[in-house]
2 protein chains.
Amino acid sequence: MITKETSRRLDPERVVDTALAIADDEGPAAVSFRKLAAQHDVTPMALYRHFKDKDDLLAALGDRLLADVVLPEPTDEPWDKQLHALLTAFVDALRAHPRLADLTLPRILVATPGLALAERALELLIEGGFSVDDAAEIGRQSICSLIALVTTDPVAREVSDPEAREASLRRKRASLSALSPTQYPLVTSAAGALICPSSRDRYYAIGVDLVVAGIRGVVDQPTLRTSV
Amino acid sequence: MITKETSRRLDPERVVDTALAIADDEGPAAVSFRKLAAQHDVTPMALYRHFKDKDDLLAALGDRLLADVVLPEPTDEPWDKQLHALLTAFVDALRAHPRLADLTLPRILVATPGLALAERALELLIEGGFSVDDAAEIGRQSICSLIALVTTDPVAREVSDPEAREASLRRKRASLSALSPTQYPLVTSAAGALICPSSRDRYYAIGVDLVVAGIRGVVDQPTLRTSV
DNA sequence: ACCTGAACACCGTTCAAGT
DNA sequence: ACCTGAACACCGTTCAAGT
């Protein structure tokens, strides 16, 4: 029994692999059908058999990231602790690909791992006392915040080239230290922390803490009571 | 005394005006030097006298948005109430241009209105009990969250074309209602709220509330005490 | 200083055609 | 079903040149 790989010269999964690699170090804008085709010894048009258009390819990248989310098992801890663990799992998956984190948003309610995440988040929020609709709204916004957290990861944001990265940091530092300390006393004295956080782990820990603390603080808050 | 407009055929501010208009309804990617040049009866290359490159043009757009921020006067209310007002002012300026909100992030510590906002935010956070460095970190993350809030504004996100918008909403609703209600009971029952929030004002109100509640909840929290 | 013209090295995507 | 070839309508940007 011989493999029937006669007609399938192109494996879509392998195309996504190389797209992921390109996007990781040059950003999603640098991913092009022409580049991918060249790397797979094929005409650009061949890709259209496997991806409807570029958006479809990027959607596949988003699905890849979501597939890396490992949901924590339910425990008997309070809802907010479990939500914290759930959101940390989400962030942990995205952290590996900071430039692509955005791509997950439109895929969450489509890809299976995204749906599982959403379902569990709603469960916990409702356990926390939110109505179904409020849970949906709060959950949506929390996910957006965390994606933004990853997207703006100050460590990974710059180009992979470490020398260009250093140059950009120096430029930022210079522009801040050129400011008048009497006009902007706090901005100038916080320059270091504003430009680059002390540690990447701490950055993400604070990010998730802020989101969960926000949710905890907003239960039974007047804004949610507003009809409309 | 006659106007000396002999040599300046091209007014950079007017170019930014039309770039803003294009970006507002087709997104920043649709802004091109060639299109702008055509609309101003000039060669694409003429723009390079006024903008170093496309990034420089987009930076000018970011500055435009920041210029619309109207900082509230300091009052004698508690720090968190004042911070709420400050962040609301920021969001209010960005809301007018949801597709461009991202462009402000790299300009905040550069443009004057952004610096004023940052300085005031740091003041209030320090008044709230944060160290200078923690205030910087928390402030940075809060701004990122709010930009994401605007960027993902579910009402304005889709194309301006209201018919295409309706079609996209229908497609999303259909994809959610195709899910198994036994497997995803909450996602399916919250479908409406997940796809589109009830009101735009409420959406933004909840967004700012969440951020401020998060900050309030995180004062004196263990994560911030971690050295490093 | 400000603008033009031609050119280079890219894009996504359509359409008709091959096997 | 899967891939090719040629073409269309775009991009940003460089370089040399005009006034």
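Where an unreviewed UniProt entry is consulted, chain A appears under the name TetR family transcriptional regulator, with the organism given as Kribbella jejuensis.

Colleague: Which parts of the structure should I look at to understand the overall build of chain A?
Modeller: Within chain A, the secondary structure is distributed over eleven helices and zero strands. Starting at the N terminus and walking to the C terminus, you meet the elements of chain A as α-α-α-α-α-α-α-α-α-α-α. On the principal axes, the C-alpha backbone points of chain A span a range of 65 × 50 × 35 Å. Across the 228 residues of chain A, 50% fall into the buried class. Within chain A, contacts between residues separated by at least 24 positions form 68% of all contacts whose residues are at least 6 apart in sequence. Distance between charge centroids for chain A: 7 Å, based on 26 positive and 33 negative side chains.

Colleague: Can you help me understand the UniProt feature "domain: HTH tetR-type" (unreviewed entry) in chain A in this one?
Modeller: Look at the UniProt record and you will see "domain: HTH tetR-type" (unreviewed entry) annotated at residues 9-69 of chain A. Taken end to end, residues 9-69 of chain A has its terminal C-alpha atoms 31 Å apart, with 59% of it in helix and 0% in strand.

Colleague: How do you make sense of the packing of helix α4 (residues 79-95) of chain B against helix α10 (residues 200-218) of chain B when you look at a structure like this?
Modeller: When two helices pack together, their arrangement is given by the angle between the helix axes and by the axis-to-axis distance. All names here are of chain B. Packing of α4 against α10 brings their axes to within 10 Å, and their N-to-C directions diverge by 140°. As the angle between them shows, α4 and α10 are arranged oblique. In this structure, α4 meets α10 at a crossing whose hand is right-handed. Contact residues: Trp79, Asp80, Leu83, His84, Leu87, Thr88, Val91 and Arg95 in α4; Arg200, Asp201, Tyr204, Val208, Asp209, Val211, Val212, Ile215 and Arg216 in α10. Of the residues belonging to the contact of α4 with α10, the class tally is nine nonpolar, two polar and six charged.

Colleague: Help me out: how do you make sense of the protein's contact with DNA strand D in this one?
Modeller: Within the structure, DNA strand D sits among 20 residues, and Arg9, Thr43 and His50 of chain A together with Arg34 and Met45 of chain B are positioned closest to it. Among all atoms of DNA strand D positioned within 4 Å of the protein, those belonging to sugar or phosphate total 53%. One of the side-chain nitrogen or oxygen atoms of Arg49 of chain A is found 3.3 Å away from a base nitrogen of DNA strand D. Top element by residues in the surface near DNA strand D is helix α2 (residues 33-39) of chain B. It accounts for three residues. Residue composition of the surface near DNA strand D, grouped by class: eight nonpolar, four polar and eight charged.

Colleague: Before we go on, may I ask you to explain the packing of aromatic side chains in this structure?
Modeller: Two aromatic rings are characterised by how far apart their centres lie and by the angle between their planes. All names here are of chain B. Here the structure, examined in full by the defined rule, presents four aromatic pairs over all chains. Aromatic side chains Tyr203 and Tyr204 sit 5.0 Å apart centroid to centroid with 80° between the ring planes, which places their arrangement in the edge-to-face category. For Tyr203, a relative accessible area of 1% translates into the label buried.

Colleague: Could you clarify how one ought to interpret the environment of Arg120 of chain A in this entry?
Modeller: Residue and element names in this part refer to chain A. Along the chain, Arg120 turns up in helix α5 (residues 112-127). Residue class for Arg120 comes out buried when judged on its relative accessible area of 14%. When the C-alpha atoms of Arg120 and Leu86 are compared, they prove to be 8.2 Å apart, with 34 residues separating the residues in sequence. What Arg120 contacts, discounting residues up to four positions off in sequence, is Pro74, Gln82 and Leu86.

Colleague: What is the right way to read the relation of the copies chain B and chain A from this model?
Modeller: Each of the two chain copies goes to the other by way of a rotation about an axis and a shift along it. It takes a turn of 180° to lay chain B on chain A, together with a shift of 0.0 Å along the axis; the resulting RMSD is 0.0 Å. One copy is carried onto the other by what is essentially a two-fold rotation axis. Every residue of chain B has its C-alpha some distance from the rotation axis, and the shortest such distance is that of Gly214 of chain B, at 1.7 Å. Most of the interface of chain B is mirrored in chain A: 100% of its interface residues are interface residues there too.

Colleague: Sorry, what's going on with the protein's contact with DNA strand C here?
Modeller: Contacts to DNA strand C come from 19 residues, most closely from Ser32, Arg34 and Met45 of chain A together with Thr43 and His50 of chain B. Sugar and phosphate atoms represent 52% of those atoms of DNA strand C found within 4 Å of the protein. Looking at the surface near DNA strand C, the element that brings in the most residues is helix α2 (residues 33-39) of chain A, giving three residues.

Colleague: Sorry if this is basic, but what is going on with the packing of helix α6 (residues 132-151) of chain A against helix α6 (residues 132-151) of chain B here?
Modeller: At a minimum axis distance of 9 Å, the contact between α6 of chain A and α6 of chain B shows a crossing angle of 120°. The angle between α6 of chain A and α6 of chain B falls in the class oblique. Here α6 of chain A runs over α6 of chain B; the crossing is right-handed. Of the residues in α6 of chain B, those in contact with Gln141, Cys144, Ser145, Ala148 and Leu149 of chain A of α6 of chain A are Gln141, Cys144, Ser145, Ala148 and Leu149 of chain B. Its residues assigned to classes, the contact of α6 of chain A with α6 of chain B shows six nonpolar, four polar and no charged.

Colleague: Explain the interface of chain B and chain A to me, please; I cannot follow it from the model alone.
Modeller: Accessible area lost upon the coming together of the parts is a frequently used measure of interface size. Across the contact, 57 residues belong to chain B and 57 residues belong to chain A. When the two sides are added together, the surface that chain B and chain A hide from each other amounts to roughly 4,900 Å², 67% of it contributed by carbon and sulfur. With a shortest N-O distance of 2.9 Å, Asp134 of chain B and Arg202 of chain A are connected by a salt bridge. Between the two partners, chain B and chain A, sit 19 residue pairs in polar contact (both at pLDDT 80 or more).

Colleague: For this particular structure, what's the right way to read the pattern of salt bridges?
Modeller: When charged atoms on two side chains of opposite charge get close, those side chains can pair. All chains considered together, the criterion is met by 18 salt bridges over all chains. Between Arg216 of chain B and Asp80 of chain B there is a salt bridge, with the nearest N and O atoms lying 2.7 Å from each other. On the criterion of sequence distance, the pair formed by Arg216 of chain B in helix α10 and Asp80 of chain B in helix α4 is long-range, its members being 136 residues apart. Classification of Arg216 of chain B as partly exposed rests on a relative accessible area of 38%. Here Arg95 of chain B ties to Asp201 of chain B by a salt bridge, and the two come within 3.0 Å at their closest N and O atoms. With Arg95 of chain B in helix α4 and Asp201 of chain B in helix α10, the pair connects residues that are 106 residues apart, well separated along the chain. When its relative accessible area of 18% is taken as the criterion, Arg95 of chain B is described as buried. Counted as one network, the salt bridges with shared partners bring together Glu13, Asp17 and Arg64 of chain A.

Colleague: Would you take a moment to explain the environment of His84 of chain A for this structure?
Modeller: Residues and elements named next belong to chain A. Its place among the elements puts His84 in helix α4 (residues 79-95). The sequence separation of His84 and Val208 amounts to 124 residues, and the corresponding C-alpha distance is 6.9 Å. If near-sequence neighbours (up to four positions away) are discounted, His84 is found in contact with Val208, Asp209 and Val212.

Colleague: Even after reading the chapter, I still don't get the side chain of Arg202 of chain A, so can you show me in this structure?
Modeller: Summarising the element assignment, Arg202 of chain A is placed in helix α10 (residues 200-218). Among the polar contacts made by the side chain of Arg202 of chain A, one reaches the side chain of Asp134 of chain B at a distance of 2.9 Å.

Scoring rules and cut-offs
- Residues numbered from 1 in each chain as written.
- Chains lettered and ligands numbered in written order.
- Predicted model: local features only at pLDDT ≥ 70, side-chain atom pairs only at ≥ 80, totals over all residues.
- Heavy atoms only, no water.
- Helix = DSSP H or I, 4+ residues; strand = E, 2+ residues; numbered from the N terminus.
- Buried < 20%, exposed > 50% of the residue type's maximum accessible area, 1.4 Å probe, protein only.
- Contact = heavy atoms within 4.5 Å.
- Lys, Arg positive; Asp, Glu negative; His and termini not counted.
- Charge placed at Lys NZ, Arg CZ, Asp CG, Glu CD.
- UniProt positions renumbered as here; feature names shortened; annotations may be inferred.
- Axes fitted to C-alpha atoms, helices over the stretch in contact; angles between N-to-C directions.
- Parallel < 35°, antiparallel > 145°, perpendicular 65-115°, else oblique.
- Left-handed = near helix turned anticlockwise from the far one by under 90°.
- Nonpolar A, V, L, I, M, F, W, Y, C, P; charged D, E, K, R; others polar.
- Near = heavy atom within 4 Å.
- Polar contact = N/O pair within 3.5 Å; in protein donor to acceptor, adjacent residues only side chain to side chain.
- Phe/Tyr/Trp six-rings, centres within 6.5 Å; stacked < 30°, edge-to-face > 60°.
- Least-squares fit on C-alpha atoms with pLDDT ≥ 70 in both.
- Buried area = accessible area lost by both parts, 1.4 Å probe.
- Salt bridge = Lys/Arg side-chain N within 4 Å of Asp/Glu carboxyl O.

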